[in-house]
Structure formats: structure tokens, C-alpha cells
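Given next are the chains, with one letter for each unit.
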Amino acid sequence: MSKTLYLECYSGISGDMVVGALLDLGADQQVLQKALDSLPVSGFQTKISRVLKAGLDVCDFAVCLDALHENHDHDMEYLHGHSHNQEVSHHHHEHRGLPEILSIIDRCEVTPAAGATAKKIFRILADAEAKAHGLPVEQVHFHEVGAVDSIVDIVAAAVCLDNLGITQVLIPELTEGCGTIRCQHGILPVPVPAVMNIAAAYGLKLHLTDSQGEFVTPTGAAIAAAIRTSDRLPKHFTIEKTGLGAGKRNYDRPGFLRAILIREEQAQADIIWKLETNIDDCSGEIMGLTMEFLLKAGAKDVHYTPVFMKKNRPAYQLNVICSAEDVEKMEQIIFENTTTIGIRRMEMSRTVLKRELKTCMTSLGEVRYKICEAGASQKIYPEYESVAEVCRKYRLSYEEAYQKVLNEYH
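Bear in mind that the values here come from a model prediction, so they are computed numbers and not experimental data.

Grouped together as the largest cluster of nonpolar side chains are 71 residues, with contacts concentrated most on Leu-5, Leu-7, Ile-13, Leu-32, Leu-39, Phe-61 and Ile-198. Ignoring any residue separated from it by four or fewer positions in sequence, one finds Ile-13 in contact with Leu-7, Val-18, Leu-174, Phe-215, Val-216, Thr-217, Gly-220, Ala-221, Ala-224 and Leu-257. Counting residues in hydrophobic clusters, the runner-up holds 18 residues, among them Ile-279, Ala-297, Val-320 and Ile-334.

Below, the structure written as C-alpha cells:
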């Protein structure tokens with residue numbers, strides 16, 4: 001069963017905020033602790049507690065570093081370049097390259113899915129840092145993002161997502177502040193270059209505010225880019241559970257991330273999108289493969305119509321019906337696999353019959369039926385794949401098998 005997570009980043013996003021929010025949603029603390037205990041990294045302990053943020057009870061996930069690894073990530077004076085204590089800028093930092101970090105994740109006792117997510121996050125960070133510093137990825141040595149606390153935050157976030165069984169993540173936008181922030185290389189403008197590079201590369205929408213401070217950390221941006229499946233909320237949904245994860249920095253707005261498990265509600269009449277484009281100079285095989293890709297990606301319907309274009313050129317008009325959150329994905333598939341250079345899109349309302357899928361035992365084995373309610377009557381349709389399987393097994397014609405399983409249902 002699919003689980004949809006909506007991350008409301010009104011106060012930005014960081015690694016510890018993500019982990020706290022997922023723990024508050026019910027991620028297993030023992031599973032997380034076992035994974036973190038297996039990390040081949042020293043110099044840290046973790047603490048899970050409850051704190052008050054704007055009067056609300058919030059889960060706080062803290063990575064407590066020893067004196068050797070402390071990076072002053074929550075020292076507000078230091079972060080914004082106002083500290084007069086010069087010693088704080090000379091503390092030891094772990095400098096690790098991407099291969100070293102990926103090796104650490106490989107040696108950690110996590111599921112393959114959690115490991116893959118953690119690696120994806122670090123690869124996104126590596127690309128962003130490489131671009132910021134004008135270096136090849138293999139020459140990037142992480143500072144803040146490669147420090148112990150960020151390794152722990154990223155692995156913890158990946159483990160909690162996997163433990164909760166999240167399959168879709170909706171992130172409409174990331175709220176960011178302004179001003180400057182101190183990092184390993186000096187004082188930089190907000191958003192910092194790594195965050196800007198990640199947002200540009202992965203289409204993350206930033207909402208810039210007049211609030212002084214860095215709300216979106218590179219780690220937070222990389223997590224968002226790695227796990228986001230859509231930036232659109234469904235028109236109708238119900239809330240199943242809410243989790244709040246605390247941030248450590250004190251700004252002029254509540255420092256927490258809200259994570260919400262939601263369930264989309266399908267209305268009797270709903271909104272769909274129709275994508276349409278004219279395609280010439282494309283073979284029938286390419287058109288067929290494109291249709292296959294679109295349907296596998298979640299298109300509700302795909303069809304082609306023969307047309308004649310300018311100069312009487314024979315061509316096809318492609319029509320795709322999909323949901324709002326799938327529009328960009330469908331357009332990307334069309335652009336990547338056909339010769340078209342433009343796609344028309346139209347929002348439409350539709351009325352659909354209430355339906356359900358039901359599996360029944362027949363004399364020819366299990367068959368799935370689609371049952372549609374049309375007023376006081378029902379329409380029964382044996383599903384194609386079930387009927388086709390019966391045809392293969394008993395060497396029957398499709399029409400013969402279809403009528404037999406339909407009669408047996410009645």
C-alpha cells in the first residue's frame with residue numbers, strides 16, 4: 001500500500017529537522033539506533049527528546065559531537081560572522097571525499113533501500129559542491145556536509161523513511177531566509193551556493209523571505225531533492241498523522257519541519273490534464289515504445305490519431321490523459337522519446353463511475369473483475385490480463401474465455 005508524505009517546509013529544512021519529524025511520525029527508534037551504532041564513525045552520540053517550539057510539543061533529534069568534531073552549527077553568533085572569539089574557527093573538521101563517505105554507508109547495517117537513499121543524497125551534495133568550487137566531483141572533499149553530524153543526519157533520514165514505508169514525497173516549496181552565513185570557506189550569502197545549485201539541478205522551488213538566516217541547509221536541500229516525487233498536493237486529501245521535527249537555530253519564525261502522512265481522496269468528478277502534440281518524422285516503433293513508457297509512468301490513457309500537417313506531411317497527434325502531479329513527468333517522457341518540440345496542455349474536469357477491482361475464483365482459476373456502478377445497475381468487466389492468462393493456460397480464444405468468466409461471475 002502506498003504511503004504519501006507531505007513535507008511542509010515553512011521554516012526551511014535541515015537534516016536533523018527531517019529525522020525528528022519522521023521519528024515523530026512513528027519511525028522505529030530501535031531500528032534507527034541499531035543502524036547508527038553500526039556506523040564506522042566515531043566522535044558522536046545521538047539524543048531524542050521533546051522540546052517546545054512556539055508552544056508546540058516537537059521531537060528533537062540531536063547529534064552530540066565531542067570537542068574534536070564540534071562545528072558550531074548552532075552557535076548563532078559564529079554562524080552569522082559576529083563572534084570575536086577567533087579560536088572557534090580553528091576546530092578540527094573531518095574532510096572526506098565522496099568515495100570514503102559511500103564506503104562508510106556500505107559498511108553500515110541498513111536495508112538496501114535506505115543505503116541507496118543515503119548514497120543518492122551524498123551524490124547530490126557532491127555535485128553541488130563540485131559546481132560551487134569549480135572542481136571535478138572526485139576532487140571534492142566535504143567540510144560541513146562531510147562532518148560527522150551530517151553523515152549521521154543523512155543516514156538517519158534514509159533509515160526512517162525506509163522504516164515508515166514512504167513511497168511518495170510531496171514538497172511544494174522550501175522557505176529560505178536572507179543575509180549571510182559563515183561556512184568553512186568564509187561568510188557566504190543566503191541561499192548558499194550549494195543550495196542554489198541543488199535547487200537549480202532538481203527544480204526545487206525556493207520561497208525567499210526577509211527573515212535573516214539560513215533556513216535551508218545543503219543537507220536539507222539534498223534530502224529534499226533526493227526523496228521528492230512531486231511538488232503538487234492533491235486537490236482533496238485527508239490527514240492520517242502529523243510529525244514535527246525541531247531545528248536548533250533560533251530565528252524569527254518557529255524552527256520546526258512539519259511532516260504529514262496524507263491520503264488522496266478521489267471525488268466522483270475530478271480534474272485531469274490532457275497533453276497533446278503533433279509528431280512527424282517518428283517511426284511506429286518509437287511511438288509504440290513511447291506509449292508503453294507513458295502508461296508505465298502512470299498515464300490514465302494514451303492514444304494516437306493519424307493527421308496531416310503542413311505541406312501535407314503525414315503525422316500523428318499524441319494525446320495523453322494524466323493527473324496534475326504527473327504532467328511534468330509525462331512531458332519529459334514525450335520530449336525524451338519523440339521528435340516533438342512542443343506540447344499543449346489542457347485542464348479538464350471529468351465524471352467517472354465509482355469502481356472497484358474484485359478477484360473471484362472461477363472454473364478456469366482466479367480472475368480479476370472491474371465493477372462499475374452506474375446508478376442502480378452494475379457493469380462488470382473481466383480484466384484483460386486475467387482473461388489473457390486463461391487463454392494461454394487453456395488455449396481458448398479471447399472471446400470464448402471472456403464470455404465464460406463473465407457468465408460465471410453473473
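Time to look at the pattern of salt bridges. On inspection of all chains with the given rule, the structure shows 17 salt bridges. Note that Asp-106 is salt-bridged to Lys-119, the shortest N-O span being 2.5 Å. Here Asp-106 is found in helix α4 (residues 98–106), whereas its partner Lys-119 is found in helix α5 (residues 112–133), with 13 residues between them in sequence. For Asp-106, a relative accessible area of 52% gives the class exposed. According to the relative accessible area criterion, Lys-119 is buried, its value standing at 19%. Between Lys-205 and Asp-231 there is a salt bridge, with the nearest N and O atoms lying 3.2 Å from each other. Taken as a pair, Lys-205 in the loop between α7 (193–202) and β10 (206–212) and Asp-231 in the loop between α8 (218–227) and β11 (237–246) lie far apart in primary sequence, 26 residues in all.

To continue, consider the side chain of Asp-24. Topologically, Asp-24 is positioned in helix α1 (residues 15–25). Judged by its relative accessible area of 18%, Asp-24 is buried. If sequence neighbours within four positions are ignored, Asp-24 has contacts with Arg-50, Cys-59, Lys-241, Thr-242, Gly-243 and Leu-244.

A separate point is the sheet that holds strand β19 (residues 377–382). Paired through their backbone hydrogen bonds, the strands of a sheet run either parallel or antiparallel. Strand order in the open sheet made by the three strands is β17-β18-β19, with antiparallel pairing throughout. This sheet does not close on itself; its edge strands, each paired only once, are β17 (354–362) and β19. Here the strands of the sheet are splayed against their neighbours by 30 degrees on average, with no regard to which way each runs. On the sheet, helix α12 (residues 398–409) packs against β17, β18 (365–374) and β19 and is oriented at approximately 140 degrees with respect to β19.

A word on the side chain of Asp-153. The topology assignment puts Asp-153 in helix α6 (residues 148–164). At 6.9 Å, Lys-248 is the nearest oppositely charged side chain to Asp-153, a buried residue that forms no salt bridge. If near-sequence neighbours (up to four positions away) are discounted, Asp-153 is found in contact with Gly-15, Asp-16, Val-19, Phe-61 and Val-63.

Each value, and the rule that gives it
Residues numbered from 1 in each chain as written. Predicted model: local features only at pLDDT ≥ 70, side-chain atom pairs only at ≥ 80, totals over all residues. Heavy atoms only, no water. Core = buried A, V, L, I, M, F, W, Y, C linked by side-chain atoms within 4.5 Å. Buried < 20%, exposed > 50% of the residue type's maximum accessible area, 1.4 Å probe, protein only. Contact = heavy atoms within 4.5 Å. Salt bridge = Lys/Arg side-chain N within 4 Å of Asp/Glu carboxyl O. Helix = DSSP H or I, 4+ residues; strand = E, 2+ residues; numbered from the N terminus. Pairing = 2+ DSSP bridges. Axes fitted to C-alpha atoms, helices over the stretch in contact; angles between N-to-C directions. Lys, Arg positive; Asp, Glu negative; His and termini not counted.

So yeah, pure geometry; function would need other evidence.
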